[in-house]
Amino acid sequence: MWHGEIKNRAKNGTYYWVDTTIVPFINRNGKPYQYVAIRNDITSRKKYEESIIREKKFNADILSALPGIFYLFNEHGRFLRWNENFENVSGYSALEISKMSPTDFFRSSERDYIRSRIQRVLDDGESDAEADFLTKDGNGIPYYFTGKRVELDGEICVTGMGIDVTQRKAAVDALKDSEERYRMLFENNPYPMWVYDTQTLEFLDVNSAAIRKYGYREDEFLSMKITDIRPAEDIEILTRNVKNTTSALSHAGIWQHRLKNESIILAEISSHELTFDGRDARLVLAHDVTEREKAAEMVRESEDRLRTMFDIASVGIVQIDARDGRLILFNQKYCEITGYSSEELKGVDVFDITHGDDRENDREMFRRAERGDTPLYINEKRYVRKDGEIRWVRVNASFIRDGAGNALRTMAVVEDVTERKLAEKAIKELNETLEQRIRERTIELEAVNRELEAFSYSVSHDLRAPLRSIDGFSQAILEDCYGDLDETGRDHLERIRTASRRMGRLIDDLLKLARVTRSEVRRELVDLSKLAEDIVRAFREQEPDREVTVAIDTDLNEKCDERLVQIALENLIGNAWKFTSKRPEAAIRFGVVQNGHKKEYFVGDNGAGFDMAYADKLFGAFQRLHRADEFEGTGIGLATVQRIVRLHGGQIRAESEPDVGTTFYFSLS
Amino acid sequence: MADKTILLVEDNPDDVTLTIRAFEKNNVANEVQVARDGVEALDFLFSRGSFEGAENPLPHLILLDLKLPRVNGLEVLREIRSNKRTRYIPVVVLTSSSEEEDLVRSYDLGANSYVQKPVDFNEFIEATRQLGLFWLVLNRTPPVDR
């Protein structure tokens, strides 16, 4: 007998199920010879069954298709159902699982926690837990579990799902890391940074560098807009920029920012768009470039100055390619010196504009300096200008070399020294004629000297003669006509005689002065002490009645012209002798003092002295500080002394006080 | 002594007068012949020119000024000293010049004395007195063919 369910196809094309029992009739041979089929239409039952099966398969499919593990266990911890994934993930077989309890899948340290979560499900209806799911081979996989209390066939059960959260956990960790990194980058960034709302322009976050740099507290910042740190004139363009910035990352350039203390800095701004707490925002990094810009400005100015100096320099400056001598760079002055325009000069070989006669030598000097034989190239040579004119130039060059020391370029300063060269030439010519001129001049001078001598001679001879006549004949009248003259007449004649004798002395002194002036100094070692003693002795012999104390330092030796110094000492000692004539105890002293590094001789007296207010007149010819009826004199003596001292390269000065005395100090070198 | 003659070579008539007066004051009574310049002096000494054939006796003392018209005193002195007859005659240079060069050249050329004429007439008288005393009284000269 065969029993089965057969799917039949109806005439109208639909299917129907038939429960069929086929009973065979069997002969003696054991072979069926007839079949009886009992059929029962079971299509509706079959349909119900199919829906159950489909439902079951669907549930199983869902369970196995779940991304996580599914489980159902009763309140005693017996697993009733689980999905394939549970077996796959845990590594346990279905049989094994059926004998395990839920806590077996956790580390002992987490079992109490799991138990309490299960209890909560049983008490409250649902709960969840997060713990590592322990597999058969001992690994723990981070899982998130849900639990729901269900009643199944009268039993209290827990059903739920577990989801592998390894990825999520990593993502959360990553997010946490990234946030930390962001905070660190943001907060600890040495550059000021902030986040602002692109709609309201309000600050949403600022870092500590911004707080330090701008001077606002964090709470102040967070109550401000970005327009608050900008100068008023920038705000319009700022708002326009904010609207128009489309790219995610932008360099907004350099802007003026105002600090809390009102000072303005230059900030270079970079920004990046981001979402901050759900708001459209931009992250801004502000780099204070005030100093950098200032420095850059200074560099620009310095470059401008250099450029200007280069352009307006009063010397030619030129850069030459050391390899072929061609001009690379040159300034206006160089064009002026050479007479070519800058267009014409470009690429010109510098030796081509050098004078032909100077070219070989110049090239040789250039090569020597180029090789480093000479540290510098300095040469004076001639340029032939475009118009053919020849200019002398002084060229001072140094070389720019590569790492191997090969000369690449030459920087040269070219100075037009034509005027100087011409002057030098003139001086040279002048020098050549100078000796001739000196000879001629000497002859002229000698002639003048001879004339002067002749003049002196005439004076000495011819001026004295009339005086002798005046004096002589006055005397003759006094003698021959004495009786015919009254007292007044005789007095007048005496006055004539006195005057003529005085004039005679004047002439003598003048001649002496003239002779001194013409003198050459012939130095030899002279014993000044002895010289002075001799002079004093002569005065004593002339006026033996006078009592004068004279003190002369011994061993005063000096290299000087004896004849001239004698005249000087005669005058000085003579003055001392004369001006002490009214002292009952006259004293004269001759000695030497050290004044700095200079030796000063002195002749001092305790005579009449004079008022220092007139000291400047002391050494002028014919200058007298005393009346003739007080002390005789021509006023030429000290002029003569001064001439003598000066001829020796020395100096003379006087110190005096009326009625106390006078000291003359003089040096002889 | 009084027979000894003096030749005064002096172009300045004042000096001539004063010199003669000084001699007189000193009682020098010797004959004083005056030559008013160098040429006249030489003519007188060598009987030339205006003295041609005059056969003047040679003076015992010549007082010679240096600055003279035509031929100066130094040239006169040179002539005197280069001539055998006149070479021993005492020549006293009596001059206003105090120039050292004049002094040296005078002695170079054989002057016996060099006296600068003082402006002070009393000093001049004194100088003249000493001159007369020395050269005309005390001094002796080699014999001269007069």
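Within every chain, residues take consecutive numbers counted from 1 along the sequence as written. The naming scheme follows written order: chains are lettered A onward, ligands numbered 1 onward. Given that the model is predicted, a residue must reach a pLDDT of at least 70 before its local features are reported, and side-chain atom pairs must reach 80 or more before they are shown or counted; all residues, however, enter totals for whole chains, interfaces and linings. Working from all heavy atoms in the structure, the side-chain values ignore hydrogens and water.

(A) Quick peek at the overall build of chain A. Along its length, chain A carries 17 helices and 25 strands. Between buried and exposed lies partly exposed: a residue is buried under 20% and exposed over 50% of the maximum accessible area for its type, with that area taken using a 1.4 Å probe on protein chains only. When the 669 residues of chain A are sorted by exposure, 37% land in the buried category. Note on definitions: a residue-residue contact is assigned when non-hydrogen atoms from the two residues lie within 4.5 Å. Taking the contacts inside chain A whose residues are at least 6 apart along the sequence as the reference set, 47% of them involve residues at least 24 apart. Accessible surface for chain A amounts to roughly 39,900 Å². Of this, 51% is attributable to carbon and sulfur atoms. In this description a helix means any DSSP run of H or I spanning at least four residues, a strand means any run of E spanning at least two, and both kinds are numbered starting from the N terminus. Per-residue and other accessible areas were derived by the Shrake-Rupley procedure at a 1.4 Å probe size, with only the shown protein chains allowed to occlude residues.

(B) Just the overall build of chain B, in detail. Helices and strands together make up the secondary structure of chain B, namely 5 helices and 5 strands. The order of helices and strands in chain B, counted from the N terminus, is β-α-β-α-β-α-β-α-β-α. Taking all 146 residues of chain B together, the buried fraction comes to 54%. Put simply, of all contacts in chain B between residues at least 6 apart along the chain, 66% involve residues at least 24 apart. When the accessible surface of chain B is split by element, carbon and sulfur atoms take 47% of a total near 6,900 Å².

(C) The packing of aromatic side chains, seen in detail. All names here are of chain A. Stacked, edge-to-face and tilted labels apply to pairs of Phe, Tyr and Trp rings (six-membered ring for Trp) whose centres lie within 6.5 Å, assigned for plane angles under 30 degrees, over 60, and everything in between, in that order. Summed over the entire model, instances satisfying the criterion amount to 33 aromatic pairs over all chains. For the ring pair F203 and F221, a centre distance of 5.0 Å and an interplane angle of 75° mean the geometry is edge-to-face. Taken together, the residues span a long stretch of sequence, with F203 in strand β10 (residues 203-206) and F221 in helix α7 (residues 218-221) at a distance of 18 residues. Across this residue pair, the class does not change: F203 and F221 are buried. When the ring of Y334 is compared with that of Y383, the centres are 6.0 Å apart and the planes differ by 90°; the resulting orientation is edge-to-face. Remark: Y383 occurs in strand β16 (residues 377-384) and Y334 occurs in helix α10 (residues 332-338); sequence separation between them is 49 residues. You can call Y334 buried: its relative accessible area is 0%. Counted as over-ring charges are cases with an Arg CZ or a Lys NZ within 6 Å of the ring centre that also lie within 35 degrees of the ring normal. Here R653 stacks its cationic end above the ring of Y665, 4.3 Å away from the centre of that ring.

(D) Representation of empty space enclosed by the protein within the structure. All names here are of chain A. Within this scheme a cavity is a closed region of a 1 Å grid, computed over the protein atoms alone, that accommodates a 1.4 Å probe without allowing it to escape, whereas a pocket is open but has protein on both sides within 12 Å along at least five of seven lines; lining residues each have an atom within 4 Å of a point. Grid points are joined across faces, edges and corners, and a volume is the space filled by probe spheres set on the points. A complete count under the given rule lists 2 cavities of 30 Å³ or more for this structure. Put simply, the largest cavity is a space of about 230 Å³. Of all the secondary structure elements, the ones that give two or more residues to the lining of the largest cavity are β4 (69-74), α4 (108-124), β6 (126-134) and β7 (140-152). Of the residues in the lining of the largest cavity, the class split is 15 nonpolar, 3 polar and 2 charged. Each pocket or cavity is described by its volume, and for the second largest cavity that value is around 90 Å³. Along its surface, the second largest cavity is lined by 14 residues, and I320, F366, Y377, K381 and V395 are the ones closest to its centre. By the convention adopted, Pro, Cys, Tyr, Trp, Phe, Met, Ile, Leu, Val and Ala count as nonpolar, Lys, Arg, Asp and Glu as charged, and the other residues, Gly among them, as polar.

(E) Representation of the sheet that holds strand β14 (residues 316-321) of chain A. All names here are of chain A. Read across the open sheet, the 5 strands follow the order β15-β14-β18-β17-β16; overall the sheet is antiparallel. Edge strands, defined here as strands with exactly one partner in the open sheet, are β15 (327-330) and β16. Across the sheet, the axes of successive neighbouring strands diverge by a mean angle of 30°, strand direction being ignored. Pairing between strands is defined by DSSP: at least two bridges between them are needed. Pairing geometry for strand β17 (residues 390-401) and strand β18 (residues 407-416), over 9 bridges, is antiparallel. Considered in β18, the bridge of R401 is made with A407. As a rule, the C-alpha atoms of each element are fitted with a line to give its axis, helices using only the stretch in contact, and angles between N-to-C directions run from 0 to 180 degrees.

(F) Region of interest: helix α1 (residues 43-65) of chain A. Residues and elements named next belong to chain A. One less than the residue count of a helix, multiplied by 1.5 Å, gives the span that helix is expected to have. When the terminal C-alpha atoms of α1 are compared, their 31 Å separation across 23 residues agrees well with the 33 Å that a helix rising 1.5 Å per residue should span. Listed in full, the buried residues belonging to α1 are T43, K46 and L63. If you follow the buried residues of α1, they end up packed against β1 (2-9), β2 (15-26), β3 (32-41), β4 and β5 (79-82).

(G) Region of the structure containing the interface of chain A and chain B. Each partner contributes to the interface: chain A provides 27 residues, whereas chain B provides 24 residues. Taken over both partners, the interface formed by chain A and chain B buries close to 2,100 Å², and the fraction arising from carbon and sulfur atoms is 48%. Whenever Lys or Arg places a side-chain nitrogen within 4 Å of a carboxyl oxygen from Asp or Glu, that contact is recorded as a salt bridge. The interface formed by chain A and chain B contains 6 salt bridges. Between R21(B) and E479(A) there is a salt bridge; the shortest N-O distance is 2.7 Å. We define a polar contact as two N or O atoms separated by no more than 3.5 Å, with the added condition that, inside protein, one atom must be a possible hydrogen donor and the other a possible acceptor, whereas residues neighbouring each other in sequence contribute only through side-chain atom pairs. At the junction of chain A with chain B, the criterion picks out 12 residue pairs in polar contact (both at pLDDT 80 or more). Every element with two or more residues in the side of chain A that touches chain B is listed here: α13 (418-480) and α14 (487-518) of chain A. In the side of chain A that touches chain B, the residues fall into 6 nonpolar, 9 polar and 12 charged. Accessible area, probed at 1.4 Å, shrinks when two parts are joined; the buried area is that loss added up over both.

(H) Representation of the confidence of the model for chain B in the model. Known as pLDDT, the predictor's per-residue confidence is scaled from 0 to 100. Of all residues in chain B, 97% attain a pLDDT of 70 or more, and the chain-wide mean is 87. As scored by the predictor, the complex reaches a pTM of 0.42 and an ipTM of 0.75.

(I) Molecular detail of the side chain of N189(A). Residue position: N189(A) is located in the loop between α5 (166-187) and β9 (193-197). Apart from the residues within four sequence positions on either side, N189(A) is in contact with M184(A), N207(A), A209(A) and L285(A).

(J) Spotlight on the packing of α14(A) against helix α17 (residues 637-647) of chain A. All names here are of chain A. For the pair α14 and α17, the least separation of the axes is 9 Å and the interaxial angle reads 10°. The angle between α14 and α17 falls in the class roughly parallel. Listed contacts from α17 to L513, V516 and T517 of α14 are A639, T640, R643, I644 and L647. Broken down by class, the residue content of the contact of α14 with α17 amounts to 5 nonpolar, 2 polar and 1 charged. For classification purposes, an angle smaller than 35 degrees is called roughly parallel, one larger than 145 roughly antiparallel, one from 65 to 115 roughly perpendicular, and anything else oblique.

(K) Examining the layout of surface pockets more closely. Size it by volume and the largest pocket reaches roughly 1,300 Å³. Looking at the largest pocket, it is lined by 46 residues, and the ones nearest its centre are G574(A), N575(A), K578(A), E632(A) and G633(A). For the second largest pocket, the calculated volume is near 730 Å³. Considering the residues around the second largest pocket, the lining is formed by 21 residues, among which E453(A), R518(A), E99(B), E100(B) and E101(B) are closest to the centre. Taken together, the elements giving at least two residues each to the lining of the second largest pocket come down to α13 and α14 of chain A together with α3 (73-82) and α4 (100-108) of chain B. Residue composition of the lining of the second largest pocket, by class: 5 nonpolar, 4 polar and 12 charged.

(L) A look at the side chain of S113(B). Residues and elements named next belong to chain B. Structurally, S113 can be placed in strand β5 (residues 113-116). For S113, a relative accessible area of 15% gives the class buried. Residues contacting S113, with those up to four places away along its chain left out, are V91, V92, V93, Y107 and W135.

(M) Representation of the environment of T43(A). Residue and element names in this part refer to chain A. Following the sequence through the fold, T43 ends up in helix α1. Counting along the chain gives 27 residues from T43 to Y16, while the straight-line C-alpha distance between them is 5.2 Å. Ignoring anything within four residues of it in the chain, the contact list for T43 reads Y15, Y16 and W17.

(N) Structural view of the nonpolar core. Residues and elements named next belong to chain A. Only buried Ala, Val, Leu, Ile, Met, Phe, Trp, Tyr and Cys residues count toward a nonpolar core, and they belong to the same one when joined by side-chain atoms within 4.5 Å. Formed by 38 residues in total, the largest nonpolar core has its most connected members in L528, L569, I573, F590, V603, F664 and F666. Of all the elements in the fold, those that place two or more residues in this core are α15 (528-542), β20 (548-552), α16 (562-579), β22 (586-595), β23 (598-605), α17, β24 (652-657) and β25 (661-666). The leading source of residues in this core is α16, at 9 residues. Each residue touching V603, except ones within four places of it in the same chain, is listed here: L569, L572, I573, A576, I588, R589, F590, T662, T663, F664 and F666. Core analysis: the second largest hydrophobic core is formed by 25 residues, V318, Y334, V350 and Y383 among them.

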